[in-house]
Amino acid sequence: MNTLSSAWDWLTSAANWSGANGIWNRLGEHLFLTVVCLALSCLIALPVALVLGHLGKGGALAVNISNVGRAVPTFAVLVLLLLSPIGSYGSWPTIIALVLFAVPPLLTNAYVGMRGVDQDVVRAARGMGMTGSQMLLRVEVPLALPLILTGVRIAAVQLVATATIAALAGGGGLGRIITAGFNLASTPQVVAGAALVAAFALIVETLFVVAQRLSPEWARGTAG
Amino acid sequence: MTAPPDDCLARNEWICGEYLSTRSEILLDAVLQHLQLTLVAVLIGVVLAVPFAVAARRWNWAAGPVLGLTTILYTVPSLAMFSLLLPVYGLSASLVVAGLVLYSLTLLVRNILAGLRAVPEETRQAARGMGYGPIRLLLAVELPLALPAAMAGLRIATVSAISLVTIGAIVGFGGLGNLIYSGMNTYFKAQVLTASVLCVIIAVVADLLLLLIQRLLTPWTRGQNA
């Protein structure tokens, strides 16, 4: 209990919130990394998944990429990029490693969502004379939206969690508070930092769940 | 004065046979620690997950809290999880194992529960009609039929655990992660690459091994898959 109350003291002392190593700055870095990487991964994964899903090809590819992604430790990729020539360009190793890990869930969920669209509806749309792109944008994507958004949610939460690991390799973000705590042998700071990161991850998860609840019926899907 | 040896270690190359031959003991120790941490964590995870899943299946009111709690645990980032457990376990291997157990619980409970729920009602009624009691029904009918789904969860949990062990390097118990961490600090390229590749190899081999075990345990599904 003593550690917990010291951690609370650490969290509530104003000095720990300001400055370059302060909580606000680290939170900003964490948010920046998460948002940039989520946007980049969506830009890369979603068009590919939607087109593959529309054509009905490459399913094995989408699923296998996801499985391989799980087997490769983020930390290893981050350090490998850091030691390669890319390592000399600021936060690029972190961003690349994070994008690599956000792409698989996005790809798989979007592909599975596209393939799950009722084929009768697709045939009906074709019968009405819709072109391929019309079918994709006006029929398939809206119907696949719940699963696509689930993929975005999984990717976002995974990014928040993985951005922490960047700190192990000297990057920014909330993980820095934890690693700094380890270096100072200050258990209260480690626990306080961990609580902050956990709270941030849970808030992101909750925001997505609430957004999904509030969204119109057709975007939610029947499964809820 | 003798000239420094001009081998791949001195040149700090990514791929280096010298590294493999001179540091084979360190590598072996790291691999063993990696395997040990994963194995213990996944075994404890399975032992805990089965009663949770069975309880959630039997009593409907238990399903919500069990799934909710395990999902929340899964959302907590790994570095944070290891750190939050620090006051409880201190800097020890149990800290890493405890963190990994909490992660594998989500995947295992979900999949075992899905497997149990997929057992057809007629099958259960037939077993009851043959005089099976609730325990025998669970052990001889429900759990075996839930095995394919449970094994799928076990495979994902194991592969994830193998890659998560590396984060344990923050407390000094990360198996191959330790080598990656120290290699990063000293810019030792061969060590980082070798340890990373070994991690992936372990994950792939473990996955294939579990797939093989699944095939051996569920001979009745083989005809359908072929």
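See the structure above.
Remember, it's a predicted structure, so these values are computed and weren't measured experimentally. (Residues numbered from 1 in each chain as written. Chains lettered and ligands numbered in written order. Predicted model: local features only at pLDDT ≥ 70, side-chain atom pairs only at ≥ 80, totals over all residues. Heavy atoms only, no water.)

Caption draft 1: Quick look at the overall build of chain B. A tally of helices and strands in chain B yields 11 helices and zero strands. A compact globule built from 226 residues would reach a C-alpha radius of gyration of about 17 Å, whereas chain B, at 22 Å, exceeds it by more than 25%. Overall size of chain B, expressed as C-alpha extent along the three principal axes, is 90 × 45 × 20 Å. Within chain B, the fraction of its 226 residues that count as buried is 46%. Once local pairs closer than 6 in sequence are excluded, the contacts in chain B between residues at least 24 apart make up 71%. (Helix = DSSP H or I, 4+ residues; strand = E, 2+ residues; numbered from the N terminus. Rg over C-alpha atoms; globule rule 2.2 N^0.38 Å. Buried < 20%, exposed > 50% of the residue type's maximum accessible area, 1.4 Å probe, protein only. Contact = heavy atoms within 4.5 Å.)

Caption draft 2: Region of interest: the interface of chain A and chain B. On the chain B side, the residues contacting the 32 residues of chain A number 35 residues. Of the roughly 2,900 Å² buried at the junction of chain A and chain B (both faces included), carbon and sulfur atoms supply 86%. At the junction of chain A with chain B, the criterion picks out zero salt bridges. There are zero residue pairs in polar contact (both at pLDDT 80 or more) connecting chain A and chain B. Contributing elements (two or more residues each) for the side of chain A that touches chain B: α3 (59–71), α4 (74–83), α7 (132–163), α8 (175–183) and α9 (187–214) of chain A. Among the elements that take part in the side of chain A that touches chain B, α9(A) stands out by supplying 10 residues, more than any other. Of the residues in the side of chain A that touches chain B, the class split is 24 nonpolar, six polar and two charged. (Buried area = accessible area lost by both parts, 1.4 Å probe. Salt bridge = Lys/Arg side-chain N within 4 Å of Asp/Glu carboxyl O. Polar contact = N/O pair within 3.5 Å; in protein donor to acceptor, adjacent residues only side chain to side chain. Nonpolar A, V, L, I, M, F, W, Y, C, P; charged D, E, K, R; others polar.)

Caption draft 3: Here's a closer look at the packing of aromatic side chains. Applying the stated criterion to the full structure yields five aromatic pairs over all chains. With centroids separated by 5.0 Å and ring planes inclined at 55°, the aromatic side chains of Trp17(A) and Trp24(A) adopt a geometry described as tilted. Overall, Trp17(A) belongs to the partly exposed group, its relative accessible area being 24%. Overall, the relative accessible area of 56% leaves Trp24(A) in the exposed class. Ring geometry for Tyr74(B) versus Tyr103(B): centroids 5.9 Å apart, planes at 75°, classification edge-to-face. Here Tyr74(B) is found in helix α3 (residues 60–75), whereas its partner Tyr103(B) is found in helix α6 (residues 93–117), with 29 residues between them in sequence. (Phe/Tyr/Trp six-rings, centres within 6.5 Å; stacked < 30°, edge-to-face > 60°.)

Caption draft 4: Layout of α4(A). Buried residues dominate α4(A), accounting for nine of its 10 residues. Those residues of α4(A) that fall on the buried side of the exposure criterion are Thr74(A), Phe75(A), Ala76(A), Val77(A), Leu78(A), Val79(A), Leu81(A), Leu82(A) and Leu83(A). Elements that come into contact with the buried residues of α4(A) comprise α5 (92–115) and α7 of chain A together with α9 (176–185) and α10 (189–217) of chain B.

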